[in-house]
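Coordinate analysis (summary)
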Amino acid sequence: MAGIDINRTTQGVYLPPAVSGEIWADAQEQSIIMQLARQIAIPGRGVTIPIITGDPEAQWVAETDEKPVSRGTLGNKTLTPYKLAVIEPFSMEFRRDLPTLYAALRNRLAGAIARTFDETVLFGPAPGTGFDTLASVPVVDLSAGFYDGLVQAIVDVSEANGDLSAWVFNGSGEGLALQALDGNGRPLFINNLQSEGRSIGSLLGRPAFKSRHVSDGAGTVGFAGDWTSAMYGMVTGISISESDQATLTDSDGTVLNLWQRNMFAIRAEVEIGFAVRDADRFVRLTGAAGS
């Protein structure tokens, strides 16, 4: 039976508000999408973002001729947030070791949120309308030659009026990049960590990043694109809730009465969305390095 507030059994007493900020910070560090895309604040109903889709055209005219009239064209992009959540149960014994609890929360909850968000953005499916993914972006096969493939990726992004700003590889992609040589036998991959922040180096003048989330088990080794044209938005950040009185339905269908089992559970959730100006400004990298 719960005591009168405030006491040792008061809900949330073991989890100070600072933990929410720590979890969100860790999620941002672990999510490659959150590292590269621009963050914006959005309301719970989402936001419509106006975009310029075309510029007015100037023309040559002779002296005293009427000057041409031309207009830019406009469009819009809707960014809608969806709820991403996870509940993790623990035994009560964890309460006796707060540093261990905090470390577990940071590593597991933040990682779960970051991984699901990244994998949804990169491979889909979207949780609903108004949430963009890169699941159907053009594919560049590196098997015919790693260098030629990188150049083709830059060209493809450029033809969509973008400027390839960064590469993102999984472990296999990083290995291919490390092995790749130019025509003179020099490494294509340049290790310049100190100048590129969290990147692992650079390729063809663009920073390269690595993430375990960039993997679909179907040959994908990386993504590349104009990340300045991508954005993610969250409503209020990650919300944290703790309970030792709830009844949970586990993933296998088992019903867990937390009070009966001397357990408690932490729920983390966030309302978040993702949008790109044009998915054609991104490419998915597949295949293996050529000679």
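Notes on the structure in this doc start here.

1. Re the overall build of the protein
- Scanning the protein from terminus to terminus reveals 5 helices and 16 strands.
- A buried classification covers 42% of the 291 residues belonging to the protein.
- Across the protein, every contact between residues at least 6 apart in sequence was considered, and the portion connecting residues at least 24 apart equals 75%.
- Total accessible area on the protein stands at roughly 15,900 Å², and carbon and sulfur atoms take up 50% of it.

2. Looking at the packing of aromatic side chains
- Under the counting rule described, the total for this entry stands at 7 aromatic pairs.
- Ring geometry for Tyr82 versus Phe131: centroids 6.3 Å apart, planes at 65°, classification edge-to-face. Placement of the pair is Tyr82 in strand E4 (residues 82–91) and Phe131 in the loop between helix H3 (98–123) and strand E5 (139–141), with a sequence separation of 49 residues.
- The class of Tyr82 is partly exposed, set by a relative accessible area of 23%.
- Here the aromatic cluster, defined as three or more aromatic residues joined through ring pairs, consists of Tyr82, Phe117, Phe131 and Tyr232.

3. What to know about the nonpolar core
- Membership of the largest hydrophobic core comes to 41 residues, with the highest contact counts inside it found for Trp24, Ile33, Phe117, Leu134, Trp227 and Phe274.
- When residues of this core are traced back to their parent elements, those giving at least two are helix H1 (18–30), helix H2 (32–36), E4, H3, strand E6 (166–169), strand E11 (230–234) and strand E15 (263–276).
- At 9 residues, the largest contribution of residues to this core is made by H3.

4. What about the pairing of strand E16 (residues 282–286)?
- With 5 of 5 residues buried, E16 is to be regarded as a mostly interior element.
- Residues of E16 alternate between two faces, with Phe282, Arg284 and Thr286 on one and Val283 and Leu285 on the opposite face, all of them buried.
- Two strands pair when backbone bridges link them, and E5 and E16 are joined in this way by 3 bridges, in the parallel orientation. When the bridges of E16 are listed, Val139 appears paired with Arg284.
- Note that strand E10 (residues 220–225) and E16 share 5 bridges and pair antiparallel. Residue pairing in the sheet places Phe223 in a bridge with Arg284 of E16.

5. Points about the pattern of salt bridges
- One pass over the structure, following the stated rule, counts 6 salt bridges.
- The partner of Arg284 in a salt bridge is Asp216, and the shortest N-O contact between them spans 3.8 Å. Of this pair, Arg284 sits in strand E16 while Asp216 is found in the loop between strand E9 (206–210) and E10, placing the two residues 68 residues apart along the sequence.
- Residue Arg284 is classed as buried on the basis of its relative accessible area of 17%.

6. Details of H3
- With 26 residues, H3 ought to run about 38 Å at 1.5 Å a step, and its terminal C-alpha atoms sit 37 Å apart, in line with that.
- Among the residues trailing H3, Gly124 stands out with phi positive, at a value near 70°.

7. Notes on the packing of H1 against H3
- Two elements in contact, H1 and H3, have axes whose closest approach is 8 Å; the angle formed by their N-to-C orientations is 45°. It follows that H1 is oblique to H3 by the angle criterion. When the axes of H1 and H3 are compared, the crossing they make is right-handed. Residues Val19, Glu22, Ile23, Asp26, Ala27 and Gln30 of H1 form the contact with H3, whose participating residues are Tyr102, Leu105, Arg106, Asn107, Leu109, Ala110, Gly111, Ala114 and Asp118.
- In the contact of H1 with H3, the residues fall into 8 nonpolar, 3 polar and 4 charged.

Calculation notes
- Residues numbered from 1 in each chain as written.
- Predicted model: local features only at pLDDT ≥ 70, side-chain atom pairs only at ≥ 80, totals over all residues.
- Heavy atoms only, no water.
- Helix = DSSP H or I, 4+ residues; strand = E, 2+ residues; numbered from the N terminus.
- Buried < 20%, exposed > 50% of the residue type's maximum accessible area, 1.4 Å probe, protein only.
- Contact = heavy atoms within 4.5 Å.
- Areas by Shrake-Rupley, 256 points an atom, 1.4 Å probe, with all protein chains shown as cover.
- Phe/Tyr/Trp six-rings, centres within 6.5 Å; stacked < 30°, edge-to-face > 60°.
- Core = buried A, V, L, I, M, F, W, Y, C linked by side-chain atoms within 4.5 Å.
- Pairing = 2+ DSSP bridges.
- Salt bridge = Lys/Arg side-chain N within 4 Å of Asp/Glu carboxyl O.
- Expected span 1.5 Å × (residues − 1).
- Axes fitted to C-alpha atoms, helices over the stretch in contact; angles between N-to-C directions.
- Parallel < 35°, antiparallel > 145°, perpendicular 65-115°, else oblique.
- Left-handed = near helix turned anticlockwise from the far one by under 90°.
- Nonpolar A, V, L, I, M, F, W, Y, C, P; charged D, E, K, R; others polar.

Function cannot be read off these values alone, since they describe shape.
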